[in-house]
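Observations on chain architecture
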Amino acid sequence: MSYDFDLFVIGAGSGGVRAARFAASFGARVAVAESRYLGGTCVNVGCVPKKLMVYAAHFHDDFQLSRSFGWDVEAKSFDWSTLIRNKNTEIERLNAIYEKLLLNSGVTLLNGHAKLIDAHTVAVNGQQYSAEHILIAVGGWPQVPDIPGREHVTDSNQVFFLPEQPKRVLVVGGCYIAVEFASVFHGLGSETQLAYRGDLFLRGFDQDVREHLQQELLKKDMTLRFNCDVQNIDKQADKSLLITFKDGQTTEVDCVFYATGRRPMLDNLGLENVNVKLDKQGHIAVNELYQTSESSILAIGDVTGGMQLTPVALAEGMAVARRLFRKEEYRPVDYNLIPTAVFSLPNIATVGLSEEQARADGFAVQVFKSTFRPMKLSLSEQQERIFMKLIVDEKTDRVLGCHMVGPAAGELMQGIAVALKAGATKQVFDDTIGIHPTAAEEFVTMRTPSA
Ligand code: NDP
């Protein structure tokens, strides 16, 4: 049977664009449908604008610090609208680059919502297209619990377009987006509180890392509310929001920002017309080849509920394109030792196992830790400290995990991730000559185990 396309991709985010471009470059006839913006979450309401806002927030400390080096700098004010406008211009530039990349690869780009009609047919803007393979790469969408006053909440899409900087903000949630945006708001001068329902934020991260970040945020006078759940939100006559917590406490803010996870974006996708099964959490269930229970339909990225990270979606998109259209170059995605960073201020970066996970997995471990004040702060009164930690398998000497809280932790961790992927032992770290003077050299000079 002949189809209009070899591959029809639904969603032009990180994973979808990667799969489409490479499939087309391998000679396949490819279409991509996108109903919103090219580049998906990462480019429009995720990694890219978030990082720009983190940079903006960091100037607060930088201006202060520069005085200790003799600069006479006074940060008179911060203009939110300039940041948002410039950020929007940059995102539009990236949207245009994505469009060019797709069109130059020979991909047919369809602007509109795509709906599955059957296992080989998709409808966009009232027209039907057939394809041998259909790839669902529609990503996720912010999820806000159903609490009274939910309509007053700002979610993690809307936060990038707030018309004004809130003077007082409550961030609800306790993982990547919550701690990143709490840092952004705080750095930009908003009075910031973070409320998390558990004992300590960043569940799943190494306990020392979580505690270190807690201490650093407290030093900056951020208000952290743990074991704290919102009961309801009331809008008051002056437009401020009155938050009542489940323990009866209240607080008044100008913005309540919810970062309580993301759900797969399956709205009106036409799943009822095909045999695509969902997993228990409601994500599209796929096998190791990203095939759904409908053999012609594949899915990658956040919609499948794996690690919700752009580089993971990119790798999956690449794997799909190669397996379908360039078999000889196909390599399965290696999900081991995926490094990740949280762009809180200070940053967190991590690769491999936490100490708790290593012990739970049955490893006898040696732990190396270091806490120190960065040299850059030595002329100032700023008391921020860097934290570094290595988890080593006592039996084989292999480094199982590496964690850092401190400036540019993500930049540094990428290289360490390469070492861990190559199976580096602690001896290899010890035999590596440091780069002096850097914070990074501490990773090759930690000699005494702490446990
Ligand atoms: P996560 O799913 O990582 O975390 C959700 C947070 O909200 C958790 O702390 C969770 O608590 C809490 N939560 C969930 N439901 C409720 C509820 N009903 N009431 C109160 N609290 C609740 O979501 P994020 O929104 O932070 O991020 C989504 C994904 O995006 C992440 O998993 C990450 O992979 C990705 N991301 C990556 C970034 C990066 O690489 N730097 C940056 C931003 C996002 P609990 O821990 O108790 O479950």
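Residues numbered from 1 in each chain as written. Predicted model: local features only at pLDDT ≥ 70, side-chain atom pairs only at ≥ 80, totals over all residues. Heavy atoms only, no water.

Scanning the protein chain from N- to C-terminus turns up ten helices and 22 strands. Relative to the globule expectation of 22 Å for 451 residues, the C-alpha radius of gyration of the protein chain, 24 Å, shows essentially globular dimensions. Considering only C-alpha atoms, the protein chain reaches an extent of 70 × 65 × 45 Å along its principal axes. The buried share of the protein chain, taken over its 451 residues, is 52%. Within the protein chain, counting contacts between residues at least 6 apart in sequence, those at least 24 apart form 63% of the total. Here the protein chain contributes 45 positive and 54 negative side-chain charges, whose respective centroids are spaced 2 Å apart. (Helix = DSSP H or I, 4+ residues; strand = E, 2+ residues; numbered from the N terminus. Rg over C-alpha atoms; globule rule 2.2 N^0.38 Å. Buried < 20%, exposed > 50% of the residue type's maximum accessible area, 1.4 Å probe, protein only. Contact = heavy atoms within 4.5 Å. Lys, Arg positive; Asp, Glu negative; His and termini not counted. Charge placed at Lys NZ, Arg CZ, Asp CG, Glu CD.)

With that settled, the discussion passes to the packing of aromatic side chains. A full pass over the atoms with the stated rule returns 13 aromatic pairs. Seen in terms of ring centroids, Phe 5 and Tyr 129 are 6.2 Å apart; in terms of plane orientation they differ by 45 degrees. Their pairing is tilted. Residue Phe 5 is found in strand S1 (residues 5–10), and its partner Tyr 129 is found in strand S6 (residues 127–136); the two are separated by 124 residues along the sequence. Taking relative accessible area as the criterion, Tyr 129 reaches 14% and is therefore assigned buried. Between Phe 160 and Phe 181 the ring centres are 5.4 Å apart and the planes differ by 80 degrees, which places this aromatic pair in the edge-to-face class. With Phe 160 in the loop between strand S8 (153–154) and strand S9 (168–172) and Phe 181 in helix H5 (residues 176–187), this residue pair connects regions lying 21 residues apart in the sequence. Of the residues examined, Phe 181 reaches a relative accessible area of 2% and is grouped as buried. (Phe/Tyr/Trp six-rings, centres within 6.5 Å; stacked < 30°, edge-to-face > 60°.)

Turning to the packing of helix H1 (residues 14–25) against helix H7 (residues 310–325), a few remarks are in order. Taken N-terminus to C-terminus, the directions of H1 and H7 make an angle of 30 degrees; their axes are 7 Å apart at the nearest point. It follows from the interaxial angle that H1 and H7 lie roughly parallel. Where H1 crosses over H7, the two elements pack in a sense that is right-handed. Packed against H1, whose contacting residues are Ser 14, Gly 15, Arg 18, Ala 19, Phe 22 and Ala 23, the element H7 presents Thr 310, Ala 313, Leu 314, Gly 317, Met 318, Ala 321 and Phe 325 at the interface. (Axes fitted to C-alpha atoms, helices over the stretch in contact; angles between N-to-C directions. Parallel < 35°, antiparallel > 145°, perpendicular 65-115°, else oblique. Left-handed = near helix turned anticlockwise from the far one by under 90°.)

A few words on empty space enclosed by the protein. Under the defined criterion, the tally for this structure stands at one cavity of 30 Å³ or more. In this structure, the largest cavity spans a volume of roughly 40 Å³. The wall of the largest cavity is formed by Gly 301, Asp 302, Thr 304, Gly 306, Met 307, Leu 309, Val 312, Ala 313 and Glu 316. (1 Å grid on protein atoms, 1.4 Å probe; cavity = no way out; pocket = protein on both sides within 12 Å on 5 of 7 lines; lining within 4 Å. Points joined across faces, edges and corners; volume = space filled by probe spheres on them.)

Moving on to the sheet that holds strand S11 (residues 223–225). The strand order across the open sheet formed by five strands is S8-S15-S9-S10-S11, and the pairing between neighbours is parallel. Among the strands making up the open sheet, the edge pair consists of S8 and S11. Of the strand pairs in this sheet, S8 and strand S15 (residues 255–258) are connected by two bridges, and their pairing is parallel. Within S15, the residue paired with Val 153 across the bridge is Val 256. Together, S9, strand S10 (191–195) and S15 form the strand contacts of H5, whose direction differs from that of S10 by roughly 165 degrees. (Pairing = 2+ DSSP bridges.)

Looking at the secondary structure, you find Ala 285 in the loop between strand S16 (262–264) and strand S17 (297–299). You can call Ala 285 partly exposed: its relative accessible area is 29%. Through-space distance from the C-alpha of Ala 285 to that of Lys 327 is 23 Å; in sequence the pair is 42 residues apart.

Another aspect to go through is the site of the ligand. Around the ligand, the surrounding shell holds 19 residues, and the nearest of these are Tyr 196, Arg 197, Arg 203, Gln 308 and Ala 341. One of the backbone nitrogen or oxygen atoms of Ile 177 is found 3.0 Å away from an oxygen atom of the ligand. Between Ala 341 and the ligand, the recorded distance is 2.7 Å, taken from a backbone N or O atom to a nitrogen atom. When residues in the shell around the ligand are grouped by element, the largest group, three residues, is from H5. Looking at the shell around the ligand residue by residue, the class counts come to nine nonpolar, five polar and five charged. (Near = heavy atom within 4 Å. Polar contact = N/O pair within 3.5 Å; in protein donor to acceptor, adjacent residues only side chain to side chain. Nonpolar A, V, L, I, M, F, W, Y, C, P; charged D, E, K, R; others polar.)

Our focus in this paragraph is helix H3 (residues 47–68). With 22 residues, H3 extends 32 Å between its outermost C-alpha atoms, agreeing within 8% with the 32 Å of an ideal straight helix rising 1.5 Å per residue. If you look at H3, its biggest bend is around 30 degrees, right at His 60. Considered for burial, the residues of H3 that qualify are Pro 49, Lys 50, Met 53, Val 54, Ala 56, Ala 57, Asp 61, Leu 65 and Ser 66. Of the surrounding secondary structure, the elements contacted by the buried residues of H3 are helix H2 (40–45), helix H4 (80–104) and H5. One or two residues past the end of H3 sits Gly 70, with phi positive at roughly 100 degrees. (Expected span 1.5 Å × (residues − 1). Bend = angle between axes of the 7 residues up to and from the residue.)

This part covers the pattern of salt bridges. The tally for this structure, following the rule as stated, stands at 20 salt bridges. Salt bridges sharing common partners tie together Asp 206, Asp 208, Glu 355, Arg 359, Lys 369 and Lys 389. (Salt bridge = Lys/Arg side-chain N within 4 Å of Asp/Glu carboxyl O.)

With that out of the way, let us pick up the pairing of strand S21 (residues 386–393). Successive side chains on a regular strand alternate, one facing one side of the sheet and the next facing the other. Within S21, eight of the eight residues are buried, leaving the element largely enclosed by the surrounding structure. Of the two faces of S21, the one carrying Ile 386, Met 388, Leu 390 and Val 392 and the one carrying Phe 387, Lys 389, Ile 391 and Asp 393 are both buried. Sheet analysis places strand S20 (residues 365–372) next to S21, joined by eight bridges and oriented antiparallel. Along S21, the bridge assignment pairs Ser 370 with Met 388. Two elements, S21 and strand S22 (residues 399–405), share six bridges in a ladder whose sense is antiparallel. Within S22, the residue paired with Met 388 across the bridge is Met 404. Adjacent in sequence and paired antiparallel, S21 and S22 are bridged by five residues, among which Asp 397 carries a positive phi angle near 70 degrees.

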